[in-house]
Amino acid sequence: MLRRRIQEILSRKFPRWVFDDRTGPLDWSVLPMEMKREIVKHADIRTRHSLRQCSHQDKQIVDSFKISLPFVRIESDHNYASLMICESRTQILKVLLTRKKFRFRRKTVVQISDNIAGEKYEEFCKNEDLDVVLQSLLGIISWINITIDTLNLDLKYPHDAITKYLDIHYRQCFGPRRKTRVICSSMEFSCAQVHFLPIDETRIISDLVTNWQSGRLMMAGKKYNIVPMGHFAEIGQIAFWKPSLLECNLGALISGILWKMAGEMVYYYIPGLEVTEAEQQELARRFEAVVRRHGVVNVLSITDGADVERKLYVKISTCGVQIQKAGIDEDPRFPKEGCMLDWMCSKCDKSVKSWYFRTTNRIKGD
Amino acid sequence: MSVENAPVVDVDEAAIPVEKKMYYRFESNDKKEFRVSELAIQQSETLNRLVEAMGYTSEDVENKPAIAIENIDGKTLKLVFQWCEHHKGEAIPVDDGSVPKIVEIPEFDAKLMDIDNGLLFKLIWAADYLNIVQLLNVSCKKVANMAQGKTPAQLRRVYLLPSDEEDEAAKRAAQEAQDPRAREVEEEFEERKRQGGNSFF
């Protein structure tokens, strides 16, 4: 009686033939639909794209999911374009298209890799021109069931395929994808003729630091409030960041900033720098600073005798240090949500987009 | 812990554990018996509910016959219980519905699943059947990884995927084999259509 009841419970899910002895290679056709769906859930974008070309049923399975891509980056220049899709820190697809001339014929070289640096790529050549290949490539992220959380653009040349894609999906007012956060990595987007594109943030990071191998990285930044001429859509904050190596202690850095108080850089971020209580007291004594506490952040307010209009806030937390130049009556600013180190903090910001910017700018911690 | 050292016990091979934990007895369809700890059982929602519903005491476990799982063979069940014992006490992941699922395959699981494809698919079926969420995740991830970077043509070879035409042909053959009368009716219908009449309406 009990045995029969157990069997009743256990045989609700699958017919018995499913468990029949079977040898040989994998056979997709004998898998129940639920199982196929379960496997497709774990597949990366390239596999899903290949699978949906195999048969109608597989296409239906793949298309039945709503896929959210955390980070997509599109780059373009005169003779190349690239698309990078980061599904996670480990699931990356980077496709680089380069226009080449072979015996007076225009061809496109395609390089596919699974890392952000584009290393260890597989390469093949297509007979079509770059624009045609690019259009078909952008088709991967154009399906209706795909949403993109952050779209990072570094556009230096107006490729028709990219302009058309952005126009259809992101144009001001009626673009269906306006939940996507658009971050530009350079100011050249005005040359790329995307004046209709609303941009949430422009994050320009100078790549002039040459010695990446040693020292702690410091990001010096300035936020601009300008709109490029001819850009009709909304445009968010524009920030310029200059990475440099901090090869001195915090006290020497503060002295240096105080010495050049009139310099244009307003923010200095040193992610991961730990400052002990004793060191904080020493800094406060040395610079005659007023110490205040805002939640988990200790703020040292330093005024310089030579400059009566500006002062310096040194914000110290377990995540790192932020130094901010401010007007004499201005209060220190703290973000309403998240960490004061923003995308540079690997402890607080675990998102794929911030990880990408940290990794490409060699900020340690991930 | 290596795969070999995982504490699943074949009754006829190894000694009964000395600890005073509750060990349930399960029997595969080829009559192999396994002893699995109460904590390991919790990884399987189906088995956990089953043993809860049965309300066995430790005497019952010894005296009553082993719980039969007739749909799974001994080889697969051994892998399943090895996995459960290794991961006992771990939190069961909750499906948040996000696609793609981001799953890392731990070293132990990778070694455990270093098996032939037929057995791997049986393991997936068993994981789904017994509702072992994390085992299903890692085994599906393993199958998905097999297809990584493959073109559609290569995928067809890896998974033995049928094309649309083959699918249609198989469906037709199955229909015909199932119901010869249906075929006759269809032929009759086709014949009438060819003659121009529409006697059905």
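About the criteria used
Residues numbered from 1 in each chain as written. Chains lettered and ligands numbered in written order. Predicted model: local features only at pLDDT ≥ 70, side-chain atom pairs only at ≥ 80, totals over all residues. Heavy atoms only, no water. UniProt positions renumbered as here; feature names shortened; annotations may be inferred. Helix = DSSP H or I, 4+ residues; strand = E, 2+ residues; numbered from the N terminus. Buried < 20%, exposed > 50% of the residue type's maximum accessible area, 1.4 Å probe, protein only. Contact = heavy atoms within 4.5 Å. Areas by Shrake-Rupley, 256 points an atom, 1.4 Å probe, with all protein chains shown as cover. Buried area = accessible area lost by both parts, 1.4 Å probe. Salt bridge = Lys/Arg side-chain N within 4 Å of Asp/Glu carboxyl O. Polar contact = N/O pair within 3.5 Å; in protein donor to acceptor, adjacent residues only side chain to side chain. Nonpolar A, V, L, I, M, F, W, Y, C, P; charged D, E, K, R; others polar. 1 Å grid on protein atoms, 1.4 Å probe; cavity = no way out; pocket = protein on both sides within 12 Å on 5 of 7 lines; lining within 4 Å. Points joined across faces, edges and corners; volume = space filled by probe spheres on them. Domains from an automatic or database assignment.

Going by what an unreviewed UniProt entry lists, chain B is known as Skp1-related protein and is assigned to Caenorhabditis brenneri. Its UniProt record, at the heading Pathway (unreviewed entry), says of chain B: "Protein modification; protein ubiquitination."

Per an unreviewed UniProt entry, the recorded name for chain A is F-box domain-containing protein, and the organism is Caenorhabditis brenneri.

Asks: I'd like to hear about the overall build of chain B, residue by residue, with values.
Replies: Scanning chain B for helices and strands turns up 10 helices and four strands. Beginning at the N terminus, the succession of helices and strands in chain B can be written as β-β-β-α-α-α-β-α-α-α-α-α-α-α. Relative to its full complement of 201 residues, chain B shows a buried share of 42%. When contacts within chain B are restricted to residue pairs at least 6 apart in sequence, those whose partners lie at least 24 apart make up 67%. If you sum the accessible surface of chain B, you get close to 11100 Å²; carbon and sulfur atoms cover 49% of it.

Asks: Mind laying out the interface of chain B and chain A, listing which residues take part and the relevant values?
Replies: In this assembly, 54 residues from chain B lie in contact with 51 residues from chain A. Of the roughly 4700 Å² buried where chain B meets chain A, counting both sides, 62% is carbon and sulfur surface. At the junction of chain B and chain A, the tally comes to two salt bridges. Where Lys101(B) meets Glu38(A), a salt bridge forms, and the shortest distance between an N and an O atom there is 3.1 Å. Applying the counting rule to chain B against chain A returns five residue pairs in polar contact (both at pLDDT 80 or more). Of all elements in the fold, only α2 (45-54), β4 (67-68), α6 (117-129), α7 (133-146) and α8 (152-159) of chain B reach the threshold of two or more residues within the side of chain B that touches chain A. The element contributing the most residues to the side of chain B that touches chain A is α6(B), with nine residues. Here the side of chain B that touches chain A is composed, by residue class, of 31 nonpolar, 10 polar and 13 charged.

Asks: Break down the UniProt feature "domain: SKP1 component POZ" (unreviewed entry) in chain B for me, citing the residues and quoting the values.
Replies: Listed under "domain: SKP1 component POZ" (unreviewed entry) in the UniProt record, and renumbered for this structure, are residues 26-88 of chain B. Helix makes up 52% of residues 26-88 of chain B and strand 14%, whereas the separation of the span's terminal C-alpha atoms amounts to 17 Å.

Asks: How would you sum up the layout of surface pockets? Please name residues and give values.
Replies: Residue and element names in this part refer to chain A. Computed from the structure, the largest pocket encloses a volume of approximately 660 Å³. Considering the residues around the largest pocket, the lining is formed by 27 residues, among which Lys223, Gln237, Tyr269, Pro335 and Asp342 are closest to the centre. Each of domain 2 (67-242) and domain 3 (248-334) contributes no fewer than three residues to the lining of the largest pocket.

Asks: I'd love a proper account of the environment of Gln193(A), names of residues and values included.
Replies: Residues and elements named next belong to chain A. Structurally, glutamine 193 can be placed in the loop between β7 (181-184) and β8 (199-205). C-alpha separation for the pair glutamine 193 and glycine 230, spaced 37 residues apart in sequence, amounts to 9.3 Å. Setting aside anything within four residues of it in sequence, one finds glutamine 193 in contact with Pro158 and Thr163.

Asks: Explain the pattern of salt bridges to me, using residue names and the numbers behind them.
Replies: Any two side chains of opposite charge can pair, so long as their charged atoms come close to each other. What the rule picks out here adds up to 21 salt bridges over all chains. The partner of Lys59(A) in a salt bridge is Asp63(A), with the nearest N and O atoms 3.4 Å apart. Note that Lys59(A) and Asp63(A) are positioned in helix α4 (residues 56-63) at a spacing of four residues, about one turn of the helix. Overlapping salt bridges, with partners in common, bring together Glu38(A), Lys41(A), Asp95(B) and Lys101(B) in one network.

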